[in-house]
Protein chains: 2
Amino acid sequence: MLHEEVVSRIRAILLDGEIPPGARIPERDLCERLQISRTPLREALKVLAAEGLVQLLPNRGSRAARLTDKDMRDLFEVCQGLEALAGELACERVTEEEIGEIAAAHAAMAHHYRNGDLIQYYRCNRAIHEAIVAAAGNPVLVGLYNSVTARIRRARYVTPMTSDRWALALHEHEAILNALQRRDGVGLSHILRTHLRHKREEVLQAGFAETESGDPTMPPDRARV
Amino acid sequence: MLHEEVVSRIRAILLDGEIPPGARIPERDLCERLQISRTPLREALKVLAAEGLVQLLPNRGSRAARLTDKDMRDLFEVCQGLEALAGELACERVTEEEIGEIAAAHAAMAHHYRNGDLIQYYRCNRAIHEAIVAAAGNPVLVGLYNSVTARIRRARYVTPMTSDRWALALHEHEAILNALQRRDGVGLSHILRTHLRHKREEVLQAGFAETESGDPTMPPDRARV
DNA sequence: ATTCCCTATTTTGCATTCAAAATTAGGAAA
DNA sequence: TTTCCTAATTTTGAATGCAAAATAGGGAAT
C-alpha cells in the first residue's frame, strides 16, 4: 500500500468519525487493520497532524483532533475566502461543459430538496461546491480547499436544517448557478460568501463544535478499531 | 530533537536553496547532519511533501520540489486571495498597537528604499505582509498563508526590481498602510491584490520558475549536504 | 566510440527491535 | 473505602536490520 493511500484511509476513518474527535488513536490496532507496520502508519499520522486532523501529544501518541467553536469559525472564514476566490476565477475559466455538469447537479439537488432527502441533497451540494473550486483551474487552491473542508465536512454536511434555512439555502444555490452561468465573478463570489456565512451560523448555532466538557488535557478515550 | 523541529530545519535547508530545486535529497547525509536516524527524517520528508516543498518519487526517494511557471502563477493567485481575506479581516480586528507596529515597519522599509538596500527592504516588506495576516486573528489563515508563501518566498523576496517597479511597490505600500489605518477593509483587500498581481508579473517576467531545461523525469543532481 | 547487457553497489521502504516514558494494577497505610 | 506508593505492563519514539528496487560500473558486441 502506497504512502498516500495510507494517509487517505486513515483520513477516511477520522472523517467518518469511526475514531471520534478527541479519542486516542491506537497505533497497534490500526496497523493490524491496515496490514502495515508502525513505521508507515506513523508517517501518515504526522502528515495528518500537519493537516490538522490529528493532534500529536509528545510521548503520549496521537488523538483525533477536536474542533472548538473558534476553530470552526476560523475554518469557515477561510473556506469563505477560498470559495469566493474560486468563484471569481471559475467565472473566468469555466467551460460550457462544466457549467452543464454543475447545472445538472443543481437540478438533482433541487429534486432531492423537494423529496426532503437531506443526505442526497448534501451529496449534490458538496459536488457543486467542489466543481466550482475545480473550475477555477488552480490545483493549489483545490489542495487548500480540500484540507480546510475536510476538517469541517461533518459539521457542514451533517447538520440538519430547519425548513426555512433549507429553503434559503436552495434559493442561494439558484443565485450561485445563475451567477456562474452569467460568468459574473463578483456576483458569484459575493453570493458564495453569504451562503457560507449562513451555513456557518447554522453550524455554530447547532453547537456542532467537537469540544466536550472536561479538561482537554485529560487522557482521552481510546478508540476501538 | 522534536519532530516539528526536524521539519523546520529541513524546510529551512530547502528554502535557503541549500538543496536546490530539483536536486535529490540525500537521506544518509541529512541524517548525519541533523544527528537523527532515517525514521524521523523520513517522517519529516513526508510532511514536507504534503506541504509541496518536497516531491516523493516511489522507490526513488525524494527531491526538492521545483516550481513551473504554472505553479508560480497558481501560488501567487492563492496568495492574493489569502492576503485579500486577511486584509479585510485585519481591518475589523487589528489593534491600535498592531497598526503602530506595522506603521513602524513601513517607515523602516521606506528608509531602506531610500538607501537602495533591497535586502533590508524585503525583510521589512515581508514583516508587513505577515503582520497583516497575523492581525486577521485567524490561525488557520496564518497556517495556509505560511505554507503558500514558503513555496514562493525566494521568488517573491529575491527577485530584483527595476527602479520604476520599486517605486510603484513603495507607493502601493503607502496605500496599504493608509487603508489599514482607515480600517478600510474593502480598500485594503483591493490594494493588496493589485500589489501582489504586480509582484507576480515581475516574478514571472524575471523567469524565476524553477524548471530547468531537460526532461523533468530524469535523475536529478544529488545535493551535497 | 557507442550501445547493450550483466553484475556489484547503493538506496529505498518497511518490519523489527530496543530503551525510555507513560499507563495500569495491586497492595499498604490511613 | 480511599489514597498513595511501587512494580509490572503497555505504548511510544527512534535506531537498526533486511529484502526489494534502483543505480552505477564494466566489459563485449557493434
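For every chain, the first residue of its written sequence is number 1, and the numbers climb from 1 along that sequence. Think of it this way: whatever chain is written first is A, whatever ligand is written first is 1, and the rest follow in order. For a predicted model such as this one, the threshold for reporting local features is a pLDDT of at least 70, and the threshold for listing and counting side-chain atom pairs is 80 or more; totals across whole chains, interfaces and linings nevertheless cover every residue. Side-chain measures here rest on the full set of heavy atoms in the structure, leaving out hydrogens and waters.

### Overview of the overall build of chain A
Consideration 1: Counting its secondary structure elements, chain A contains nine helices and two strands.
Consideration 2: The helix count covers DSSP runs of H or I at least four residues long, the strand count covers runs of E at least two residues long, and both are numbered beginning at the N terminus. The secondary structure elements of chain A, listed N-terminal to C-terminal, are α-α-α-β-β-α-α-α-α-α-α.
Consideration 3: Only the C-alpha atoms count toward the radius of gyration. The rule for a globule is 2.2 Å times the residue count to the power 0.38. Its C-alpha atoms give chain A a radius of gyration of 19 Å, within 12% of the compact-globule value 17 Å for 225 residues.
Consideration 4: Projecting the C-alpha coordinates of chain A onto the three principal axes gives extents of approximately 55 × 35 × 30 Å.
Consideration 5: Throughout, a residue-residue contact means that at least one pair of heavy atoms, one from each residue, lies within 4.5 Å. Put simply, 76% of the contacts in chain A that link residues at least 6 apart link residues at least 24 apart.
Consideration 6: For chain A, the accessible surface area stands at approximately 10,600 Å², while carbon and sulfur atoms represent 51% of it. Every accessible area reported is derived by Shrake-Rupley at a probe size of 1.4 Å, with residue values counting cover from the shown protein chains alone.

### Here's the deal with the packing of aromatic side chains
Residue and element names in this part refer to chain A.
Consideration 1: Any two of the Phe, Tyr and Trp rings considered here, Trp counted by its six-membered ring, make a pair once their centres fall within 6.5 Å; the pair's planes then place it as stacked at under 30 degrees, edge-to-face at over 60, or tilted in between. Within this structure, the stated rule accounts for eight aromatic pairs over all chains.
Consideration 2: Centre to centre, the rings of Y113 and W166 are 5.2 Å apart; their planes meet at 85°, and the pair counts as edge-to-face. Of the two residues, Y113 sits in helix α5 (residues 96-115) while W166 sits in helix α8 (residues 163-181), which places them 53 residues apart along the sequence.
Consideration 3: Among the aromatic residues, those joined into a ring-pair cluster are Y113, Y121, Y122, Y157 and W166.

### A word on the side chain of T149 of chain B
All names here are of chain B.
Consideration 1: Here T149 is to be found in helix α7 (residues 139-158).
Consideration 2: Burial classes follow relative accessibility: with a 1.4 Å probe on protein chains only, a residue under 20% of its type's maximum area counts as buried, one over 50% as exposed, and anything between as partly exposed. Here T149 falls in the buried class, since its relative accessible area comes to 6%.
Consideration 3: Excluding residues that lie within four positions of it along the chain, T149 makes contacts with C79 and R156.

### Quick word on the protein's contact with DNA strand C
Consideration 1: Neighbouring DNA strand C are 19 residues; S37 and R60 of chain A together with R38, R42 and N59 of chain B lie closest to it.
Consideration 2: When the atoms of DNA strand C within 4 Å of the protein are grouped by moiety, sugar and phosphate amount to 65% of the total.
Consideration 3: Under the rule applied, a polar contact is a pair of N or O atoms within 3.5 Å (in protein, one hydrogen donor and one hydrogen acceptor; residues adjacent in sequence only if both atoms are side-chain atoms). Within the side chain of T39 of chain A, an N or O atom sits 3.0 Å from a base nitrogen of DNA strand C.
Consideration 4: Contacts to DNA strand C include N59 of chain B, whose backbone N or O atom sits 3.0 Å from a phosphate oxygen.
Consideration 5: Within the residue set of the surface near DNA strand C, elements represented by two or more residues are α3 (38-51) of chain A together with α2 (27-34) and α3 (38-51) of chain B.
Consideration 6: Take the surface near DNA strand C: its biggest share by element is three residues, from α3 of chain A.
Consideration 7: Classifying every residue of the surface near DNA strand C by side-chain character gives five nonpolar, five polar and nine charged. Here a residue counts as near a molecule or strand whenever at least one of its heavy atoms sits within 4 Å of it. Amino acids are sorted into nonpolar (Ala, Val, Leu, Ile, Met, Phe, Trp, Tyr, Cys and Pro), charged (Asp, Glu, Lys and Arg) and polar (every other residue, Gly among them).

### Looking at the interface of chain B and chain A
Consideration 1: Taken together, the contact between chain B and chain A spans 27 residues of the former and 27 residues of the latter.
Consideration 2: Here chain B packs against chain A, burying approximately 2,300 Å² in sum over the two surfaces, 64% of which is carbon and sulfur.
Consideration 3: Take a side-chain nitrogen of Lys or Arg and a carboxyl oxygen of Asp or Glu: if they are within 4 Å of each other, that pair is a salt bridge. Applying the counting criterion to the chain B and chain A interface returns eight salt bridges.
Consideration 4: A salt bridge links E77 of chain B to R93 of chain A, with the nearest nitrogen and oxygen atoms 2.6 Å apart.
Consideration 5: Remark: the boundary between chain B and chain A carries 10 residue pairs in polar contact (both at pLDDT 80 or more).
Consideration 6: No other element matches the 11 residues that helix α4 (residues 69-93) of chain B contributes to the side of chain B that touches chain A.
Consideration 7: Its residues assigned to classes, the side of chain B that touches chain A comprises 13 nonpolar, five polar and nine charged. Defined here as a combined quantity, buried area equals the accessible surface (1.4 Å probe) lost by two parts on assembly, summed across both.

### Here's the deal with the domain arrangement of chain A
Residues and elements named next belong to chain A.
Consideration 1: How far each domain reaches was decided by an automatic or database domain assignment. Here chain A is partitioned into domain 1 (3-64) and domain 2 (69-205).
Consideration 2: The straight-line distance from the C-alpha centre of domain 1 to that of domain 2 is 29 Å.
Consideration 3: Counting from both sides, the interface comprises six residues of domain 1 and, opposite them, four residues of domain 2.
Consideration 4: When the two sides are added together, the surface that domain 1 and domain 2 hide from each other amounts to roughly 500 Å², 58% of it contributed by carbon and sulfur.
Consideration 5: Applying the counting criterion to the domain 1 and domain 2 interface returns zero salt bridges.
Consideration 6: Across the contact surface, domain 1 and domain 2 share zero residue pairs in polar contact (both at pLDDT 80 or more).
Consideration 7: Of the residues assigned to the side of domain 1 that touches domain 2, the class counts are three nonpolar, two polar and one charged.

### Quick notes on the relation of the copies chain B and chain A
Each of the two chain copies goes to the other by way of a rotation about an axis and a shift along it.
Consideration 1: Each copy is superposed on the other by least squares, with the fit set by C-alpha atoms of residues at a pLDDT of at least 70 in both. Rotating chain B by 180° and moving it 0.0 Å along the rotation axis overlays it on chain A with an RMSD of 0.0 Å. The relationship between the two copies is best expressed as a two-fold rotation axis.
Consideration 2: Comparing interface residues between copies, 100% of those in chain B also lie at the interface in chain A; the contact surface is shared.

### Section: the nonpolar core
Consideration 1: Membership of the largest hydrophobic core comes to 45 residues, with the highest contact counts inside it found for I10 and L14 of chain A together with I10 and L14 of chain B.
Consideration 2: Of all the secondary structure elements, the ones that give two or more residues to this core are α1 (3-15), α2 (27-34) and α3 of chain A together with α1 (3-15), α2 and α3 of chain B.
Consideration 3: Look past the residues within four positions of I10 of chain A in its chain and what remains in contact with it is L30, L34, L41, A44, L45 and L48 of chain A.
Consideration 4: Judged by nonpolar contacts, the second largest core, of 43 residues, contains L141 of chain A together with L82, L141 and V148 of chain B. Working definition of a nonpolar core: buried Ala, Val, Leu, Ile, Met, Phe, Trp, Tyr and Cys residues. They are joined through side-chain atoms within 4.5 Å.

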